[in-house]
Every structure is written in structure tokens, then in C-alpha cells.
Amino acid sequence: MSELLYIKDLKVYFNTEEGVVKALAGVNFEIVKGSFHGLIGETGCGKSVTGLSILKLLDNNALIEGGEIIYKDENLLDKTEKQMQKDFRGNEIAMIFQDPGSSLNPVFTIQDQIQESVKMYKKASKQEYRNIVIEELKKVKLPDVEGLLDKYPHQLSGGMKQRVMIAMMLACNPNLLIADEPTTALDVSIQAQFLQVLKNLKDKFDMTVLYITHDLAVVSEICDYVSVMYAGRIVENVPVRELFKNPVHPYSYKLVHSVLGVKTFLEDLEEIPGSVPRLIDPPSGCRFHPRCEEAIDICKTKVPQLKKIGKNHYVACHRR
Amino acid sequence: MANTIIETKDLKKYFDTLKGPCKAVNKVNLRIKQGETFGLVGESGCGKSTLVRTILKLIEPTSGQIFLDGVDITDYKKKKLMALRKKMSLVFQDPHSSLNPRMTVFDTLSRPLKIHNLTKNNEETMIEITKLLKLMGMQPEHMIRFPHELSGGQKQRIGIARALAVKPELIFLDEPTSALDVSVQTKILKLLNKTKKIRDLTYFYISHDINLIRVVSDRIGVMYLGQIVEIGEVDLIYNNPIHPYTKGLFASVPEPDPDKKIKGEPLSGEVPSPVNPPMGCSFAPRCPFVEPKCREEKPKLKLLSDGRRVACHKDNLR
Ligand SMILES: Nc1ncnc2c1ncn2[C@@H]1O[C@H](COP(=O)(O)OP(=O)(O)OP(=O)(O)O)[C@@H](O)[C@H]1O
Ligand SMILES: Nc1ncnc2c1ncn2[C@@H]1O[C@H](COP(=O)(O)OP(=O)(O)OP(=O)(O)O)[C@@H](O)[C@H]1O
Ligand code: SF4
Ligand SMILES: [Mg+2]
Ligand SMILES: [Mg+2]
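Residues numbered from 1 in each chain as written. Chains lettered and ligands numbered in written order. Predicted model: local features only at pLDDT ≥ 70, side-chain atom pairs only at ≥ 80, totals over all residues. Heavy atoms only, no water.

Asks: Whenever I open this one, the overall build of chain B confuses me. Can you help?
Replies: When its secondary structure is counted, chain B shows 11 helices and 12 strands. Here chain B has a C-alpha radius of gyration of 20 Å; the compact-globule value for 318 residues is 20 Å, and the two agree. Dimensions of chain B along its principal axes, counting C-alpha atoms only, are 65 × 55 × 45 Å. Expressed as a percentage of its 318 residues, the buried residues of chain B come to 59%. Sequence separation of 24 or more characterises 61% of the internal contacts of chain B that already satisfy a separation of 6 or more. For chain B, the exposed surface amounts to about 13800 Å²; the carbon and sulfur share of it is 53%. Placing the 51 positive and 36 negative side-chain charges of chain B at their respective mean positions leaves the two points 4 Å apart. (Helix = DSSP H or I, 4+ residues; strand = E, 2+ residues; numbered from the N terminus. Rg over C-alpha atoms; globule rule 2.2 N^0.38 Å. Buried < 20%, exposed > 50% of the residue type's maximum accessible area, 1.4 Å probe, protein only. Contact = heavy atoms within 4.5 Å. Areas by Shrake-Rupley, 256 points an atom, 1.4 Å probe, with all protein chains shown as cover. Lys, Arg positive; Asp, Glu negative; His and termini not counted. Charge placed at Lys NZ, Arg CZ, Asp CG, Glu CD.)

Put into C-alpha cells, the structure is as follows:
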């Protein structure tokens, strides 16, 4: 097993008028080449920021406070914007962004948008480009592909935009694909087909995927390994089967148990008590302690570090 | 019997394209009862968002009629539309594009309050917005943020807060929780449910999350290529989907268990284009039960004995 990407103690803060938002406060995980690595956690916990950090596409008010992002033995945090653009973004690492709206250019036709990605790795004639674009769009099961080429993003449905974005990123033929909630606008059937496309790319090109999602069913369907995040820190790194059979961290446990079983009534659904922590003034020690039933004194003062508790299984909790 | 709050008659919305009209909504007859929660599901691109945007008169219908509380609103223009905006609101599907990138959360939420004179002064506005944010599980510091400074799920909750702000009677929720984790999603759904009971609201959900639709809805409609193909009580359809498209859709739902992979074959075949819909049943090209009649004649929505309606020629699927 060799890792393709290695994130070590990554800290990312944001400057705002109201104070410093400590969004990432020590993110640690490694992604094995050719694996599907899930990244899950509460809304606002820092999943997208983690993905954007890898590509160095963070907002202007972001400060990288520390840590390393090692991709194929190179620390991406040392790279200049020019190097990132030339050597890493696109052909090496591509990202399907969470907001389809923000990443498609409203004034370009669908054909132009995807062609731009194809150009990054292939020189071809106009007709050839057209054919490649059609092929890419067919892969994501868009209807009437030829009719779509001259359309603009606003003329597409939510799920169609999302599929165009997927096609655009797959057209880059990346080594590492960061997929940030890529199927939120897709129906289950098209989602199933998309997951199949990803599996095929993994088999054929050994593509590696960092899959960010709230959908634990999808995680169980395609991921090999999962990182669970809570308020800017990784609390558990765990093989997928273990996550569902034996989630160890108190947060992971609650998360997994809130989705298991068939739910017929709204009242059957469980929520994790307590509220999402403020990142301007995060809880001391273990950031989960105010909501944790098992918390003891040390949880309030000392940050628990990830420690090994089984084969490829790491947990950050004072009680484990 | 509860009153009908929204009714559509033969509603159509066609978009002009180079190759002819795109029949996004193609003769939809729908009746939503006051106080119910209706759930709409269907393939990506089948016309769900277009249907609600047309009902809300954000876009002009091509033909057909829309009634709100029995009053024909099809031809309502500016001033009368304003009054509608207070009665019906929408949570947009794509939270990012529906928020103005140059407006802070405070500005976004204070606008509808001011337009409809719901708060008298800045202080009241501030109190109301603080309350809304709290309900959404967000914090006062988010008030001064711009959309790009929020996470996906935070933006989505601002969209929900905006729709609730005007205290409407009917809310359309287009994929309202697709960016939320299960726990926060549950909180929001329960909150919406509570608000509904207190204010006697009507909800119209759209979602690809079949499990979500199940827990929130009283009745559901299944849409395929611009048309309703099955509609009825939620439990009936869940326990026994009849239309072949509904059957296929439900079989593709993944379960959160690594030992169980998706059971059914995902629906196969090319999705037809709404510019050139098949002449008979629009599902015929992909239907495993297809027979010659299906390709020639469009099936009508027929009432079954259990109260649901299904548009399919085959009687033996019931
Ligand atoms: N430019 C910014 N300025 C200030 N705070 C920011 C900025 N960008 C992100 N944040 C904050 O950082 C935190 C992490 O955001 P991120 O987008 O990574 O969340 P996420 O885990 O992807 O959530 P979701 O599941 O809702 O998409 C959030 O609380 C968010 O409000
Ligand atoms: N402004 C427009 N101009 C041209 N075609 C449009 C326009 N808006 C929507 N369409 C087309 O109408 C059809 C239905 O789109 P709609 O957005 O209603 O789908 P949807 O059911 O909401 O899908 P999704 O689940 O992917 O959001 C699609 O084929 C889309 O391309
Ligand atoms: S470290 Fe303490 S507070 Fe944190 S999860 Fe473990 S027991 Fe709970
Ligand atoms: Mg995100
Ligand atoms: Mg839509």
C-alpha cells in the first residue's frame, strides 16, 4: 500500500470582522493510491475547506496556519500559484465543486466549458474535440447530448449542471479526483450509474477519489476507507466496514446510528443533541466535549490525538 | 375535506430551443390540499423545478391555468404578483446561485422583511433575523458573511430562513436539505414540521432523497419527462409502486450497509429528450414491460381502487 496524498496537521483559519474562524484545526489522513476515500462530518465542519486546501483554491481571507499536504512526495503548500496551475490542477488533481452554479461559467456554452478541460491534456482538431466532448457527456448519461452542446448553464436543470461539471472534471483524466457532494442533485438511478463510472475509472486508470458527502449510503456503496471530521479535526480514520459495524468515536457512533434502520415517520429520525460549535470560539480540548455523553474532565482541557486502535483504524478520543 | 390551495389545469411550460420547443412541463394537472405535505420525485431533468417555478409565476406558463385558493392567477402581473410572494415562497434548489454574492446574510434576510413591511424598524429586523438564524442552528456571526464565506449547508439554511421569513401559507422546498448532514437535516425537517402545525402551512417538497420524501409527505407524485405518471398516498406507493418508472426508481435506492450493494438494476437505456418526447408512453423506450400499444398511445392517469392514479397501459402490474 502506498499513499498518494498525505495530509498532516493541516490548520486553516479565516479572518473575518467578527474574529478568526478556526475552520481546520489539525486535519490528518492519508489516501491510498487507487482507493476511494470518504470524508464525512457535520455541515460546516471543514470538508470543503479541506478539499479546496489541497488544490490551494481557498478564499482570500484564508490563512494556512500550518501543516503539510504531501502529494507524490511534494508538499503542495510550498508550491506557487503558477506551479499549482501548471503542474497540479486538472490533469493531476481535479475537483468537482459542491456548488455546480459557481464553477460553470454562465457565458460559455457547455461545449466550450468541457473543451477547456480536454485541451489541458490533448491537442486535437475542432471536430475531434467535439467528439470527445460528446463522449464525455454521454458517460454521465445526459439526454440529447448534441442538443446540449450549444446550451448555457442556466438552461439546464440542477442535476444536468451537476453532470456537466462531473463530465468536465472527468475529462481532465485526473489521478486524484476530489468529489465534493457530487450527486446531491441527481436521482438515485443516475447516481448509481455515476458511481459505476467512477468504479470503472478506478479499475482502468487506478484513479483515486476523495469523496466528500453526507450520504452514508453512498459511502457504504463505494468507499474503501473513511475519515470522520468534527469541527475542523479528524476524529476517526477507519476502514468502511468497521465504520458501519463498529464506529468507535462517540461522534461517529451517533452519526452512523442516526441513519441505520428504516424510517417511516419523522419522529423516528434521531438527531445528535446539542448544537454545532462556533468556530470563532471553539470548545477547548476535544471540540465534541459539550455534546458528548462520555466526556470527562480531561476532555475539556486536552486535545485528544489520533491513536491506533486496530488495523488501519485510528481514533481521537480520551475514552478509547 | 380540506380545501384545495393550489390547482393546475393542463399546465404547460415549453422552452424555445434551436431544435424546437423543450417540453419541460407537459400538461400537468395537480391539486394540492390546504395543510398537506406533498412530495414530488422524478428523474433529474424531468421538469420538477420548472413546474414549481411556473406555479409560483417566476416564469410564464406556455398554456394551462393555475389556481390559488380557487382564484385563477395565471395572468397575474406585477402588483398582484407581489401579494402572491407573501403567500407562497420557494426554497431554491441551488443555494449558491439563489443567493446574491454581494449581499450579506443580513441583507438577504432583511429584504423580504422590509418589502412586506413585516418589521417596523432596524431593531425589529435584527431581532427577527437573529431568531431565524438560531432556528436554523446558525450563529449571529454568520449575519455579516457573504455567501462564499459559508459552507454549502449554511447557505442552504439561509435559503430556508429566507422562505420562512415572510410567513407564507404555502412553501415550495426544492431539495431543501441536500447539503445537510443527517442530524442537522433531521433538526430542520422537524422544525419545518412544527412550524407547519403551528401556522397551518402547506408544503410542497421536491427531493431525490426517497427516504426523506417518505418521512415528510402525506401524498407523493412521480414525474417523468414533464408529466405525472403516478400520484397518491405515500405509503401506498412506497409499499407497492405500480408504474414501471416508479418501480425502477425505488429499486436503485442505496442502503447504508457496506455488505448490501444496490439491489435493483439502475434504470437503463437512454433518457429521451423533452424536445422530442416519444409519441406513446414517454417511458416506453426504457420500460421492461413495454408492449406495442405503449409506443402508439399515450396512457392517461387512471384512478385505481386504492385512490392513487397511474398512467400506464398495463393492468397486470397492480
Ligand atoms: N471565506 C470564509 N470566511 C469565513 N469563514 C469561512 C470561509 N469559508 C468557509 N468558512 C467557514 O469554515 C467552516 C468550514 O466550511 P466548509 O465549507 O469546509 O464546511 P463543509 O464541511 O464543507 O460543510 P457543508 O457540509 O455544509 O458543505 C464553516 O463553518 C464556514 O462557515
Ligand atoms: N431556461 C431554460 N431554457 C431552456 N431549457 C430549460 C430552461 N430551464 C429548464 N430547461 C429544461 O427543462 C427541463 C426540465 O428542467 P428542470 O430544471 O425543471 O428539471 P428538474 O426535474 O428540476 O431536474 P433536477 O432534478 O436535475 O433539478 C430540462 O430539460 C432543462 O434543460
Ligand atoms: S475525548 Fe472526551 S469529549 Fe471527546 S469524544 Fe472522547 S469522551 Fe467525548
Ligand atoms: Mg461543503
Ligand atoms: Mg431541479
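Asks: I tried to follow the site of ligand 1 on my own but got confused; where do I start?
Replies: Surveying the vicinity of ligand 1 reveals 23 residues, the closest of which are Thr-43 and Ser-48 of chain A together with Ser-151, Gly-153 and Gln-154 of chain B. In this structure, ligand 1 is bordered by residues of chains A and B. Contact distances for ligand 1 include 2.9 Å between an oxygen atom and a side-chain N or O atom of Gln-98 of chain A. Bound to the protein, ligand 1 loses 96% of the 640 Å² it would expose on its own. Taken together, the residues that form the shell around ligand 1 break down as six nonpolar, 12 polar and five charged. (Near = heavy atom within 4 Å. Polar contact = N/O pair within 3.5 Å; in protein donor to acceptor, adjacent residues only side chain to side chain. Nonpolar A, V, L, I, M, F, W, Y, C, P; charged D, E, K, R; others polar.)

Asks: Teacher, can you tell me more about the sheet that holds strand E1 (residues 3–16) of chain A here?
Replies: Pairing between sheet strands relies on hydrogen bonds along the backbone, with the strands arranged either parallel or antiparallel. All names here are of chain A. Taking strand neighbours across the sheet as the criterion, the four strands line up as E2-E1-E4-E5 in an open arrangement whose pairing is antiparallel. At either margin of the open sheet sits one strand with a lone partner, and together these are strand E2 (19–32) and strand E5 (74–75). With two bridges connecting them, strand E4 (residues 62–71) and E5 associate as antiparallel partners. Paired with Tyr-71 across the bridge in E5 is Glu-74. Sheet contacts for helix H1 (residues 47–54): E1, E2 and E4; angle to E1, the most-contacted strand, approximately 115°. (Pairing = 2+ DSSP bridges. Axes fitted to C-alpha atoms, helices over the stretch in contact; angles between N-to-C directions.)

Asks: What's the story with the coordination of the magnesium ion (ligand 4) in this structure? I'm lost.
Replies: By definition of the ideal shapes, a tetrahedral metal site with four donors has angles of 109.5 degrees and an octahedral site with six donors has angles of 90 or 180 degrees. Residues and elements named next belong to chain A. Bound to the magnesium ion (ligand 4) are the protein donor atoms Ser-48 (OG) and Gln-98 (OE1), situated 2.0 to 2.1 Å from the metal. Highlighted residues: Ser-48 in helix H1 and Gln-98 in the loop between strand E6 (93–96) and helix H3 (100–103), separated in sequence by 50 residues. Looking at Ser-48, the relative accessible area reads 21%, which means it is partly exposed. What makes Gln-98 buried here is its relative accessible area of 16%. (Donors = N, O, S within 2.8 Å, 3.2 Å for Na, K, Ca; no water.)

Asks: Can you help me understand the sheet that holds strand E3 (residues 37–42) of chain B in this one?
Replies: Residue and element names in this part refer to chain B. Across the sheet, eight strands lie side by side as E6-E7-E8-E3-E9-E10-E12-E11; this open sheet has mixed pairing. Edge positions in the sheet fall to strand E6 (88–91) and strand E11 (302–303), since each of these pairs with one other strand and no more. Note that strand E10 (residues 227–233) and strand E12 (residues 309–310) share two bridges and pair antiparallel. Following the sheet pairing, Glu-230 is matched in E12 by Val-310. Contacts between helix H7 (residues 182–199) and the sheet are confined to E3, strand E7 (170–174) and strand E8 (202–206), with E8 contributing the most and set at about 150° to the helix. Against the sheet, helix H10 (residues 244–251) contacts E3, strand E9 (219–224) and E10, and its axis sits at roughly 100° relative to E9.

Asks: When you look at the site of ligand 3 in this model, what are you seeing that I'm missing?
Replies: With respect to spatial proximity, 13 residues lie near ligand 3, and among them Cys-286, Cys-292, Cys-299, Cys-317 and Arg-319 of chain A are the closest. Classifying every residue of the shell around ligand 3 gives eight nonpolar, three polar and two charged.

Asks: Is there a simple way to think about helix H4 (residues 105–115) of chain B in this case?
Replies: Along an α-helix, residues three or four apart share an orientation, since each turn contains 3.6 residues. Of the positions making up H4 of chain B, those classed as buried are Val-105, Phe-106, Thr-108, Leu-109, Ser-110, Pro-112 and Leu-113 of chain B. Phi turns positive one or two residues past the end of H4 of chain B, at Asn-117 of chain B, with a value near 50°.

Asks: Help me understand the interface of chain B and chain A in this model?
Replies: How large an interface is tends to be reported as the accessible area lost when its parts come together. The partner chain A presents 67 residues to the 56 residues of chain B that form the contact. Roughly 5100 Å² of surface becomes buried between chain B and chain A when both sides are summed, with 55% attributable to carbon and sulfur atoms. Three residues, Glu-141, Pro-256 and Pro-258 of chain B, lead the burial of chain B against chain A; their summed loss comes to 12% of the area buried on that side. Where Arg-278 of chain A meets Glu-141 of chain B, a salt bridge forms, and the shortest distance between an N and an O atom there is 2.7 Å. Counting every contact that joins chain B to chain A gives 21 residue pairs in polar contact (both at pLDDT 80 or more). Secondary structure elements with two or more residues in the side of chain B that touches chain A: helix H3 (95–98), helix H6 (152–165), H7 and helix H8 (210–216) of chain B. (Buried area = accessible area lost by both parts, 1.4 Å probe. Salt bridge = Lys/Arg side-chain N within 4 Å of Asp/Glu carboxyl O.)

Asks: It is not clear to me how the nonpolar core should be interpreted in this structure. Could you clarify?
Replies: For soluble globular proteins, the rule of thumb is that nonpolar side chains tend to be buried together. Among the nonpolar cores identified, the biggest contains 99 residues, and Ile-114, Leu-137 and Tyr-211 of chain A are the most heavily contacted of them. The biggest single contributor to this core is helix H7 (residues 158–170) of chain A, with eight residues. If you count residues domain by domain, this core takes at least three from each of domain 1 (3–92 + 174–315) and domain 2 (108–173) of chain A. Not counting chain neighbours up to four residues away, the residues in contact with Ile-114 of chain A comprise Val-133, Leu-137, Val-164, Ala-167, Met-168 and Ala-171 of chain A. Counting residues in each nonpolar core, the second largest holds 58 residues, with Ile-188, Val-229, Tyr-238 and Phe-250 of chain B among its members. (Core = buried A, V, L, I, M, F, W, Y, C linked by side-chain atoms within 4.5 Å. Domains from an automatic or database assignment.)

Asks: Would you mind going over the pairing of E8 of chain B with me for this structure?
Replies: Side-chain direction in a regular strand flips from residue to residue, so the side chains alternate between the two faces of the sheet. All names here are of chain B. For E8, a buried count of five out of five residues is recorded, marking the element as mostly surrounded by other parts of the structure. Neither face of E8 is open: one carries Thr-202, Phe-204 and Ile-206, the other Tyr-203 and Tyr-205, and all of them are buried. Examined bridge by bridge, E3 and E8 share four bridges and lie parallel to one another. Residue pairing across strands places Gly-39 opposite Tyr-205, the latter belonging to E8. Pairing of E7 with E8 involves five bridges; the strand directions are parallel. Opposite Phe-172, over in E8, you have Phe-204 as the bridge partner. A crossover connection joins E7 to the parallel E8 through H7; in handedness this β-α-β unit is right-handed. (Right-handed = clockwise from strand over helix to strand, strands pointing away.)

Asks: Explain the domain arrangement of chain A to me, please; I cannot follow it from the model alone.
Replies: Residue and element names in this part refer to chain A. Looking at the assigned domains, one finds that chain A contains domain 1 (3–92 + 174–315) and domain 2 (108–173). Each of domain 1 and domain 2 has a C-alpha centre, and these two points are 29 Å apart. Listed as interface residues are 19 residues of domain 1 and, on the opposing side, 14 residues of domain 2. Summed over both sides, the interface between domain 1 and domain 2 buries roughly 1300 Å², with carbon and sulfur atoms accounting for 66% of that surface. Remark: the boundary between domain 1 and domain 2 carries zero salt bridges. Taken together, the links from domain 1 to domain 2 amount to four residue pairs in polar contact (both at pLDDT 80 or more). Element by element, the count of residues in the side of domain 1 that touches domain 2 is highest for helix H8 (residues 188–205), at seven residues.

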